[in-house]
Amino acid sequence: MDLVDVTGNPLADALKVNSNFVTVAAAIAAIPTSPAGGSVPGFLDVKDFGAVGDGITDDTVAILAGYEAACLVKGTLLFPSGTYVCSGLDMGGAPHRGCTLQGAAYDGRGNGYLSSRILLAPGANRNLFKLLPGDAPHQIFRNLVLDGNAVNQTANEYIVKSEDDTTPSVYPYGFHMEFVHFTNGRGGGLYLGKRRGWNYLNNVIGYMNGVGNAGHGIYVDTYDVTMNHVNIGNSYGYNLYLASTSQLEANATNLYYGQLGGMYIGAGVTDMAFTNGSIDRNLRFGIQSAKNTSTTYLGARTFMGTRFLGNSSIGDGQFPDVMVPTGDKDFIFTGCSFMGADTANRSAFAIQFADTTGSVKIGPCKFAPAASFRWGITSAPSQVITDNRIS
């Protein structure tokens, strides 16, 4: 049996790993088949393939060899505590379904400690991980810090990117991330390209991304995304940029300190639900949006139990929590709290309309203080279906 790369071509019979050579046969032989000697079936250690994890040595070839070997058994490639320098890895294709990259265990104390970091090599100028089209494998990342090393790059690339794959009758998944931090992406954090299968983000943190070009924390241009306990902050663009999606489910997701805003909702967003989260202290908009342009699928942009606090922290509060575009009637707010901007001279509005053609539906929400609650146009009552408490 030969190892193959993501294009289906055989790897060289000898892979140079640092100063050693690891043969294909040796890589296959390293795959545990029984729990003898403390090993667990299907779990491989990247250091067995020559990785060093010292933050200096380029471990790319060792990571590639371990990834290919783990894919052969639909297994897990383990990254013990350390910093693994990688020049970038392309993933995907039918031979690579069901492979997991996993770091040292999350400590579970809520302090965000993860001790396994994969660092983009200086001057790599590409994505750290790229999921290629072609019956892609629902790639899983767990217990890892993914570091884009922005200060040592010149190309504005996202740390992790899934490329578009809309092959008919094929449902390629995107990424599945659990207890993952992604940071220092020069072009942005995560880029979810258009795929028919789901992307899952669970207990994920992203921060300090997009420094090179006002890029975004997470860029979504795909069909289906589930986000649970996700925190995205300090992005140089928007924390969450939704170019298009037919179904976004975000629960307990928090967006904070985005330089352009907390969230952008594009014209291609046909249905989304954002529940039990917060959009706080973003420098400009809480939410900026464009009207849904779909003529066949008219869903809703629903926010439930969401807190809006301290947005428009620059410009003397001139940016609203929510900007409703011309003609848009898809926003629904229920159980939300609009707490005002952190400025004594708030000139923005909790909800602001581009003109009189847009409207929103609002269930019981709280706006406080009353002095900071304004609709943005004089005819607001005719544009709002409301049952609210202002205090």
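In case you missed it, the structure is sitting above this.
Criteria and cut-off values
- Residues numbered from 1 in each chain as written.
- Predicted model: local features only at pLDDT ≥ 70, side-chain atom pairs only at ≥ 80, totals over all residues.
- Heavy atoms only, no water.
- Helix = DSSP H or I, 4+ residues; strand = E, 2+ residues; numbered from the N terminus.
- Buried < 20%, exposed > 50% of the residue type's maximum accessible area, 1.4 Å probe, protein only.
- Contact = heavy atoms within 4.5 Å.
- Areas by Shrake-Rupley, 256 points an atom, 1.4 Å probe, with all protein chains shown as cover.
- Core = buried A, V, L, I, M, F, W, Y, C linked by side-chain atoms within 4.5 Å.
- Expected span 1.5 Å × (residues − 1).
- Phe/Tyr/Trp six-rings, centres within 6.5 Å; stacked < 30°, edge-to-face > 60°.
- Lys NZ or Arg CZ within 6 Å of the ring centre and 35° of its normal.
- Lys, Arg positive; Asp, Glu negative; His and termini not counted.
- Salt bridge = Lys/Arg side-chain N within 4 Å of Asp/Glu carboxyl O.
- Polar contact = N/O pair within 3.5 Å; in protein donor to acceptor, adjacent residues only side chain to side chain.

A. View of the overall build of the chain. When you go through the chain residue by residue, the secondary structure sums to two helices and 34 strands. Within the span of the chain, comprising 391 residues, buried residues form 53% of the whole. In the chain, the proportion of contacts linking residues at least 24 apart, taken out of those at least 6 apart, comes to 72%. Working note: accessible area of the chain is about 15100 Å², and carbon and sulfur atoms make up 53% of it.

B. Region of the structure containing the nonpolar core. Ranked by size, the top nonpolar core spans 70 residues in total, and within it Phe129, Phe141, Leu146, Ile218, Met263, Phe303 and Phe333 carry the most contacts. With seven residues, helix α2 (residues 60-72) is the largest single contributor of residues to this core. If near-sequence neighbours (up to four positions away) are discounted, Leu146 is found in contact with Ile118, Leu128, Phe129, Phe141, Ile159, Val160, Met177, Val180, His181, Phe182 and Thr183. Judged by nonpolar contacts, the second largest core, of 11 residues, contains Tyr219, Tyr241, Ala290 and Met323.

C. Geometry of α2. Helix length check: α2 (13 residues) gives 19 Å between terminal C-alpha atoms against 18 Å at 1.5 Å per residue, within 8%. With 10 of 13 residues buried, α2 is to be regarded as a mostly interior element. Positive phi shows up at Lys74, right after α2, with a value of about 55 degrees.

D. Fine view of unusual backbone geometry. The backbone phi angle of Met208 is positive, close to 55 degrees, even though this residue is not glycine. Locating Met208 in the fold gives a position in the loop between β15 (198-207) and β16 (218-221). Look at Met208 and you get partly exposed, because its relative accessible area is 34%. One non-glycine residue, Arg281, lies in the positive phi region at around 55 degrees.

E. Quick look at the environment of Met304. Counting through the fold element by element, Met304 comes out in strand β25 (residues 301-304). Residue classification places Met304 among the partly exposed residues on the basis of a relative accessible area of 33%. Sequence-wise, Met304 and Ala273 are 31 residues apart; in three dimensions their C-alpha atoms are separated by 7.7 Å. If sequence neighbours within four positions are ignored, Met304 has contacts with Phe274, Thr275, Asn276, Thr334 and Cys336.

F. Layout of the packing of aromatic side chains. Evaluated as defined, the whole model comprises 20 aromatic pairs. Following the ring pairs from residue to residue traces out a cluster consisting of Tyr158, Tyr191, Tyr219, Tyr238, Tyr241 and Tyr264. Sitting over the face of the ring of Tyr191, Lys161 holds its NZ or CZ atom 5.0 Å from the ring centroid. Above the plane of the ring of Tyr223 lies Lys194, whose end atom (NZ or CZ) is 5.2 Å from the centre.

G. Representation of the side chain of Asp59 within the structure. Looking at where Asp59 falls in the secondary structure, it is placed in the loop between β4 (54-58) and α2. The buried charged residue Asp59 lacks any salt bridge partner; its closest oppositely charged side chain belongs to Lys47, at an N-O distance of 8.1 Å. Within the structure, the side chain of Asp59 is placed 2.9 Å from the backbone nitrogen of Val52, a separation counted as a polar contact. At a separation of 3.0 Å, a polar atom in the side chain of Asp59 contacts the main-chain amide nitrogen of Gly53.

H. Spotlight on the environment of Phe353. Within the fold, Phe353 resides in strand β30 (residues 351-353). Distance in space between the C-alpha atoms of Phe353 and Pro325 is 6.3 Å, their sequence separation being 28 residues.

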